[in-house]
Protein chains: 2
Amino acid sequence: MTAGLVHIVDDDPAIRDALGFLLRSRGVRSTAWDDGAAFLDGAPAPEVACVILDVRMDGLSGLEVFDILRERGVDLPVIFLTGHADVPLAVEALKKGAFDFVEKPFNDNQLVDTVIAALERAAAARRHNRDRDLLAARMASLTPREREVLQCLVEGRLNKQIADHLGVSMRTVEVHRARVFEKMGVRNAVELVAQVGSLAPES
Amino acid sequence: MTAGLVHIVDDDPAIRDALGFLLRSRGVRSTAWDDGAAFLDGAPAPEVACVILDVRMDGLSGLEVFDILRERGVDLPVIFLTGHADVPLAVEALKKGAFDFVEKPFNDNQLVDTVIAALERAAAARRHNRDRDLLAARMASLTPREREVLQCLVEGRLNKQIADHLGVSMRTVEVHRARVFEKMGVRNAVELVAQVGSLAPES
DNA sequence: CGTTCTGTTGCGGAAAACCACAATAGCGCG
DNA sequence: CGCGCTATTGTGGTTTTCCGCAACAGAACG
């Protein structure tokens, strides 16, 4: 049983049923939506998922749905399905970050392989997002002064230099430094840079 | 005058001429090749450039030329031109990293804008490649022992811990440490991690 | 054999980092 | 006004980092 849920968004019930059956036969859970609006309004957000999205639908088009997803900051992998050969549309979708773009009729196994790969991408992205969110929360917990000291730390500066730069004593820098490490959950400046990445390029 | 050179690879002389003229009118240098093999054999490597590549040619196809370029480690941006609506081919090219995929007939201004964007990408990649090559050269200059010490350093370990781990004295670690910093052109462990990136994820 | 390179180690001294304990001041809020 | 938070600073002591100077050993190469 592959982890994650596949959202099938297509106004053709035959396609929805066929895809649902196909995915089930390969141990993949799915749920079907008969148009883009229904999907955007009803889909649960916080889990590993991907979307199979028909390009041409009444109401919102596939691309419009995709744009709305991205505007909402939803980064689920999206696999577009199309029954019409439209190269510029395919190019546009892929350049906007679509996971894949598949013409009907498609090869069943290949499509499911693509879906599984998309779910794996979604899982990886979820882990990455979690790390990123934790980092952001930690950064947000810093006081303004602590943030200034962190900036100097990741540039590799000595406490003495930081003290001069901020116009305070070295002891004060040491206090802020210790607080930064504590809040960021690191033990030293090396771990801090590894976590935060370099905020200042090396000259 | 936009920096860089555009390689026009197309077996149709009318297209080659028209594109050459179009680019010149926008201040972009170009050079034309009548087939993929000629381009691969004759194109000079070390400058900012991009490629406009026809998909369908006698001899090597556009995609085959692209594959060969990538196998050679050449990462010039490639803009494919095609006179045939072929969605799977477009999708394949883009997923392999093509810069763009354009159907004929195309909009002149849009194509040149795309070319200019591709040249900018090439320039940025050149700078990035230079940094990457310098880093690789520096890493290659390290002795085996120095490499081991570097690994421990970027994990944020104390000299005492590194000494225990490697079974040597702290003085030895200090010597290797100083040599690593010197060869990598950094002043301390923070700058080293910033340069090398974290080679060991924080637990 | 001499030279170069890599790896190792000790001594002693200086600089830098770290921190417990303690205290003060200013600001915002209920 | 009292409280909590942020920012600041000092003292004294410990640990860690840094390095000049010096020396030795083993391996590889011409």
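Residues numbered from 1 in each chain as written. Chains lettered and ligands numbered in written order. Predicted model: local features only at pLDDT ≥ 70, side-chain atom pairs only at ≥ 80, totals over all residues. Heavy atoms only, no water.

Caption draft 1: Representation of the overall build of chain A. Helix and strand counts for chain A stand at nine helices and five strands. Scanning chain A from its N terminus toward the C terminus, one meets helices and strands in the order β-α-β-α-β-α-β-α-β-α-α-α-α-α. Relative to its length of 203 residues, chain A is extended, with a C-alpha radius of gyration of 24 Å against a globular reference of 17 Å. Overall, the C-alpha framework of chain A stretches about 75 × 35 × 30 Å when taken along its three principal axes. The proportion of buried residues among the 203 residues of chain A is 42%. Across chain A, every contact between residues at least 6 apart in sequence was considered, and the portion connecting residues at least 24 apart equals 63%. (Helix = DSSP H or I, 4+ residues; strand = E, 2+ residues; numbered from the N terminus. Rg over C-alpha atoms; globule rule 2.2 N^0.38 Å. Buried < 20%, exposed > 50% of the residue type's maximum accessible area, 1.4 Å probe, protein only. Contact = heavy atoms within 4.5 Å.)

Caption draft 2: Broad picture of the interface of chain B and chain A. Listed per partner, the contact involves 27 residues of chain B and 27 residues of chain A. Taken together, chain B and chain A are joined by two salt bridges. The salt bridge involving B:Lys95 is made with A:Asp100; its shortest N-O contact spans 2.8 Å. At the boundary of chain B and chain A, one finds four residue pairs in polar contact (both at pLDDT 80 or more). Where the side of chain B that touches chain A is concerned, the elements lending two or more residues are α4 (87-95), β5 (100-103), α6 (144-154) and α9 (189-196) of chain B. Grouping the constituent residues of the side of chain B that touches chain A by class yields 15 nonpolar, five polar and seven charged. (Salt bridge = Lys/Arg side-chain N within 4 Å of Asp/Glu carboxyl O. Polar contact = N/O pair within 3.5 Å; in protein donor to acceptor, adjacent residues only side chain to side chain. Nonpolar A, V, L, I, M, F, W, Y, C, P; charged D, E, K, R; others polar.)

Caption draft 3: Main features of the protein's contact with DNA strand C. Inspection of the region around DNA strand C gives 15 residues, with A:Arg177, B:Thr143, B:Arg145, B:Ser169 and B:His176 positioned closest. Here a phosphate oxygen of DNA strand C and a backbone polar atom of A:Asn159 are 3.1 Å apart. B:His176 places a polar side-chain atom, nitrogen or oxygen, 2.6 Å from a phosphate oxygen of DNA strand C. Taken together, the elements giving at least two residues each to the surface near DNA strand C come down to α7 (159-166) and α8 (170-184) of chain A together with α6 and α8 (170-184) of chain B. The leading source of residues in the surface near DNA strand C is α8(B), at four residues. (Near = heavy atom within 4 Å.)

Caption draft 4: Broad picture of the nonpolar core. If you look at the biggest cluster of nonpolar residues, it comprises 50 residues, and the most contacted ones within it are A:Leu53, A:Phe80, A:Phe101, B:Leu53 and B:Phe80. Excluding its chain neighbours within four sequence positions, the residues that come into contact with B:Leu53 are B:Val9, B:Gly62, B:Val65, B:Phe66, B:Val78, B:Ile79, B:Phe80 and B:Leu81. With 38 residues, the next largest nonpolar core counts A:Leu142, A:Cys152, A:Ala163 and B:Leu166 among its residues. (Core = buried A, V, L, I, M, F, W, Y, C linked by side-chain atoms within 4.5 Å.)

Caption draft 5: Looking closely at the relation of the copies chain B and chain A. Mapping chain B onto chain A calls for a screw motion: a turn of 180 degrees about the axis and a shift of 0.1 Å along it, with 0.2 Å RMSD after fitting. Taken together, the rotation and translation relating the two chain copies correspond to the operation of a two-fold axis. Comparing interface residues between copies, 100% of those in chain B also lie at the interface in chain A; the contact surface is shared. (Least-squares fit on C-alpha atoms with pLDDT ≥ 70 in both.)

Caption draft 6: Molecular detail of the sheet that holds strand β5 (residues 100-103) of chain A. All names here are of chain A. Judged by pairing direction, the sheet is parallel, and its five strands sit side by side in the order β2-β1-β3-β4-β5 without closing on themselves. Whereas interior strands pair on both sides, the edge strands pair on one side only; in this sheet they are β2 (28-33) and β5. Here the average twist between neighbouring strands, direction ignored, is 20 degrees. Sheet topology places strand β3 (residues 49-54) next to strand β4 (residues 78-82); four bridges connect them, and they run parallel. The partner of aspartate 54 across the bridge, within β4, is leucine 81. Across the face of the sheet, helix α1 (residues 13-25) comes into contact with β1 (2-9), β2, β3 and β4 while running at roughly 170 degrees to β2. Lying over the sheet, helix α3 (residues 62-71) contacts β3 and β4, oriented at roughly 170 degrees with respect to β4. (Pairing = 2+ DSSP bridges. Axes fitted to C-alpha atoms, helices over the stretch in contact; angles between N-to-C directions.)

Caption draft 7: Looking closely at the domain arrangement of chain A. Taken domain by domain, chain A comprises domain 1 (2-132) and domain 2 (141-196). A C-alpha centroid distance of 44 Å is found between domain 1 of chain A and domain 2 of chain A. (Domains from an automatic or database assignment.)

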